[in-house]
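# Architecture at a glance
Listed here are the chains, written in short residue letters.
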Amino acid sequence: DLFEVVAKRGILLLVPGSVGFRGMAFLTMGETEVGVQTAFRMVFLAVALVMGLSLAHAAVPPRKGL
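The structure presented is a predicted model; accordingly, all values stated were derived computationally and were not measured.

### Focus: a nonpolar patch on the surface
A cluster of nonpolar side chains, namely M24, L27, V36, F40, V43, F44, V47, M51 and L55, defines an oily patch on the protein surface of about 870 Å² accessible area. Breaking the nonpolar patch down by element, the ones donating at least two residues are α1 (2–28) and α2 (32–59). Ranked by residues supplied to the nonpolar patch, first place goes to α2 with seven residues. Summarising the element assignment, M51 is placed in helix α2.

### Concerning the environment of V34
For V34, the location among the structural elements is in helix α2. Taking relative accessible area as the criterion, V34 reaches 32% and is therefore assigned partly exposed. On a C-alpha basis, the gap between V34 and G23 in space is 7.3 Å, while along the polypeptide they are 11 residues apart.

### Examining the side chain of T38
Relative to the elements of secondary structure, T38 occurs in helix α2. Residue classification places T38 among the buried positions, given a relative accessible area of 6%. For T38, the residues in contact, after removing those within four places along its chain, are V19, R22, G23 and F26.

The rules behind each value
- Residues numbered from 1 in each chain as written.
- Predicted model: local features only at pLDDT ≥ 70, side-chain atom pairs only at ≥ 80, totals over all residues.
- Heavy atoms only, no water.
- Patch = residues over 30% accessible without salt bridge, like charges linked within 9 Å, V, L, I, M, F, W, Y side chains within 5 Å.
- Areas by Shrake-Rupley, 256 points an atom, 1.4 Å probe, with all protein chains shown as cover.
- Salt bridge = Lys/Arg side-chain N within 4 Å of Asp/Glu carboxyl O.
- Helix = DSSP H or I, 4+ residues; strand = E, 2+ residues; numbered from the N terminus.
- Buried < 20%, exposed > 50% of the residue type's maximum accessible area, 1.4 Å probe, protein only.
- Contact = heavy atoms within 4.5 Å.

Structure, rendered in structure tokens:
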């Protein structure tokens, strides 16, 4: 489904992107430990978003009339 692919990619770019930006900012400021922790948080957030959308799509298929 095209909408599903576009929605997942949009969410992956917007939501974890801000967390990744903060992680890169910490890394460039020399705070390596906080930067790496933030980068891992970004990865886990992205995986959680995609898995949640995939499970919701499997549990309740979208209406065809929209």
